[in-house]
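Each chain, written out:
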Amino acid sequence: MDMMKAYVFKDVGNLVFEEKPIPHVKDPDDVLLKVKAVGICGSDLKIIEGKHHFKPNTVLGHEFCGEVVEVGSHVHHVKIGDRVAIDNNIRCGFCSFCRMGLTSQCVDIKTSALGVMRDGGYAEYCLVPEKQCFVLPDEIDDILGTQVETLATVVNGMNTLLMLPYDYVMILGFGPIGYLFAQFAKNIAAKVAVTEIDPFRRQVARECGLTVWDPNEVDVVEKITDLTYGRKADIVIEATGNALGQALQCVTPGGKVLPFGMDSSVNLNIVPNEITRWATKILGLYLGQNTMVPSIRIFQENRLNMGPFFTKVIPFDEGLGAFDLLGLDMKTLEHHPKSAMKIVMKF
Ligand SMILES: [Zn+2]
Ligand SMILES: [Zn+2]
C-alpha cells in the first residue's frame, strides 16, 4: 500500500505527523488531489485547543489547493492535471436552505467540512467531491490559491455590507480576515482604521499603510470618534469574535455592524433599546456563499495587496513549528504573542 505523510488531529491537544495510506477515488463524484499547498487557519488552532467543533482522527487543513490526479466515473467538469482551489464546506444541494440559495445554512454543512469533519489538506493527497473544486488560472500561484476560500468568506461579508465610497470603516481584529477586509476598505471607503492587540500584526497593518490602534492601550471609541469628526464608523467589522460590545459602541447611528469573528464561548449583555434607538443594523453571516468564483476573479486581477499577508511559506514537513509562530504552544496549549499573519505549508 502506498503511503503519504499527513498531520492527523487525534484529539484535543494532539496533532500527530504520521504516515497514512494514500486514499483513492471510490465515490464516482470524487476527485483525488495531490495537495500543492495548504494554509494554517486560526480555526485549526481552535480545533487543536478543543474550542471548535471537531472529529478525532481527522486530517486537518481546509485552506488548500492541489492538482487533480484521479477522477471518479461521474466527474465531467474537472480533469486530470487541473489545478484547483477548494471550497471546503460541502453543501448538500437538496435541503430547503440550499434550494433557496442560502447554502451557508445547509443542514449538512457542519457534518461534512473538509479538514474539520472529514480528511482535509494537511496531507500529500486528499479526496474531494468534484463540486468543491474551482479551476485556478495561471495568475494565481499555489500559495495564493490556498486563500481563495478565505477570501470567499470575506467577499460574502462585502456583499452583505455594500460598502460605499464615503463610508468610514473600522475593523476590530487584524488577523487574516481583518487584513482582507482592510484591503477592500482601502480600495473603496473614505477612511479605514483597524484595531489589533498583537504587536506583530499591528506592524503588518502599518506596512499596509493603515491607521491601527491597540485596544488594550487606547480608548478605541474615543479614537474612532476623533478620526471621523465626531461621527463614528458607518461600518464596523468585528473580526475577533469577542468584541461585539465594542463594535456597537463604535458604530454611528444608522450604521452597520458585521459580527464576523467566531468564538462560541463569548456571551454579551446588550441593551436592545439602544439597537432600536440608534437604528443599528447587525448583519450576521456565515462562511462564503457563491463567492469562490468572485474571489478567484479578485486574485486574478491582483486587486488586493497580498504582499505582507504571507509571513512564511514553510516545507510541509516543518508544519508543527508554525503553530508556535501563530501563538499556540503545542505542548501546554497556552497562548503567547503571535509572530505571523498567515503561514502556508508547501510541498
Ligand atoms: Zn480558514
Ligand atoms: Zn443543504
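Computed from a prediction, not measured in an experiment: that's the story for all the values here. (Residues numbered from 1 in each chain as written. Chains lettered and ligands numbered in written order. Predicted model: local features only at pLDDT ≥ 70, side-chain atom pairs only at ≥ 80, totals over all residues. Heavy atoms only, no water.)

Visitor: Explain the coordination of the zinc ion (ligand 2) to me, and be specific about the residues and the numbers.
Guide: At this site the zinc ion (ligand 2) is bound by Cys-92 (SG), Cys-95 (SG), Cys-98 (SG) and Cys-106 (SG), with donor distances of 2.3 to 2.4 Å. Its four donor atoms give the zinc ion (ligand 2) angles of 101 to 118° at the centre, a pattern that matches the tetrahedral case. Donor residues for the zinc ion (ligand 2), ordered by position in the chain, follow C-x2-C-x2-C-x7-C. Of the two residues, Cys-92 is situated in the loop between strand 6 (83–86) and helix 2 (96–99) and Cys-106 in the loop between helix 2 and helix 3 (109–112); the sequence distance between them amounts to 14 residues. For Cys-106, a relative accessible area of 3% translates into the label buried. (Donors = N, O, S within 2.8 Å, 3.2 Å for Na, K, Ca; no water. Tetrahedral: all angles 85-135°; square planar, octahedral: opposite > 155°, others 65-115°. Helix = DSSP H or I, 4+ residues; strand = E, 2+ residues; numbered from the N terminus. Buried < 20%, exposed > 50% of the residue type's maximum accessible area, 1.4 Å probe, protein only.)

Visitor: How would you summarise the coordination of the zinc ion (ligand 1) if you had to cite specific residues and measurements?
Guide: Summarising the metal site, the zinc ion (ligand 1) is bound by the protein donors Cys-41 (SG), His-62 (NE2) and Glu-63 (OE), whose distances to it range over 2.2 to 2.6 Å. Mapped onto the polypeptide sequence, the residues donating to the zinc ion (ligand 1) form the spacing pattern C-x20-H-E. Of this pair, Cys-41 sits in the loop between strand 3 (30–40) and helix 1 (42–49) while His-62 sits in the loop between strand 4 (58–59) and strand 5 (63–71), and the two are 21 residues apart along the sequence. Residues Cys-41 and His-62 agree in their burial class; the two are buried.

Visitor: Any details on the pairing of strand 1 (residues 3–11)? Residues and values, ideally.
Guide: Relative to strand 2 (residues 14–21), strand 1 is paired through eight bridges, and the arrangement is antiparallel. Counterpart to Phe-9 in the pairing with strand 2 is Leu-15. The hairpin turn running from strand 1 into strand 2, its antiparallel successor, is two residues long, and Gly-13 in that turn takes a positive phi close to 80°. (Pairing = 2+ DSSP bridges.)

Visitor: Help me get a handle on the sheet that holds strand 12 (residues 233–238), residues and values and all.
Guide: Across the sheet, six strands lie side by side as 11-10-9-12-13-14; this open sheet has parallel pairing. Looking at the sheet topology across the chains shown, the edges are occupied by strand 11 (211–213) and strand 14 (281–282). Bridge count for strand 9 (residues 168–172) against strand 12 is four bridges, and the pairing is parallel. Each residue of the ladder has a partner; that of Met-170, found in strand 12, is Val-236. Contacts from helix 5 (residues 148–161) reach strand 12 and strand 13 (251–259) within the one sheet, and its direction differs from that of strand 13 by about 155°. (Contact = heavy atoms within 4.5 Å. Axes fitted to C-alpha atoms, helices over the stretch in contact; angles between N-to-C directions.)

Visitor: Go over the side chain of Lys-342 with me, naming the residues and quoting the values.
Guide: In this structure, Lys-342 sits in strand 16 (residues 342–346). Separated by 3.0 Å, the side chain of Lys-342 and the backbone oxygen of Ile-40 make a polar contact. When neighbours within four sequence positions are excluded, Lys-342 is seen to be in contact with Ile-40, Cys-41, Glu-63, Gln-147, Pro-176, Phe-309, Phe-310, Thr-311 and Lys-312. (Polar contact = N/O pair within 3.5 Å; in protein donor to acceptor, adjacent residues only side chain to side chain.)

Visitor: How would you summarise the pairing of strand 9 if you had to cite specific residues and measurements?
Guide: For strand 9, a buried count of five out of five residues is recorded, marking the element as mostly surrounded by other parts of the structure. Alternating residues of strand 9 divide into Tyr-168, Met-170 and Leu-172 and Val-169 and Ile-171, and every residue in both groups is buried. Across five bridges, the pairing between strand 9 and strand 10 (residues 191–195) is parallel. In the strand pairing of strand 10, Met-170 is matched with Ala-193. On the question of chirality, the crossover connecting strand 9 to the parallel strand 10 by way of helix 6 (residues 176–188) is right-handed. (Right-handed = clockwise from strand over helix to strand, strands pointing away.)

Visitor: Can you tell me about the environment of Glu-130, naming the residues and giving the values?
Guide: Tracing the backbone shows Glu-130 in the loop between strand 7 (125–129) and strand 8 (133–135). Spatially, the C-alpha atom of Glu-130 lies 21 Å from that of Gly-39, the residues being 91 residues apart in sequence. Look past the residues within four positions of Glu-130 in its chain and what remains in contact with it is Asp-29, Asp-30, Val-31, His-74, Val-75, His-76, His-77 and Val-78. A distance of 3.1 Å separates the side chain of Glu-130 from the backbone nitrogen of His-76, its partner in a polar contact.

Visitor: Outline the packing of aromatic side chains, supporting the account with residue identities and numerical values.
Guide: All told, the structure shown has twelve aromatic pairs when counted by the stated rule. Relative to Tyr-229, the ring of Tyr-168 lies with its centre 6.3 Å away and its plane at 55°, an arrangement referred to as tilted. Taken together, the residues Tyr-168 in strand 9 and Tyr-229 in the loop between helix 8 (220–227) and strand 12 connect sequence positions 61 residues apart. On the basis of relative accessibility, which here comes to 65%, the residue Tyr-229 falls in the exposed class. Through pairs of rings, three or more aromatic residues link up here, namely Tyr-7, Phe-17, Tyr-122, Phe-316, Phe-323 and Phe-347. (Phe/Tyr/Trp six-rings, centres within 6.5 Å; stacked < 30°, edge-to-face > 60°.)

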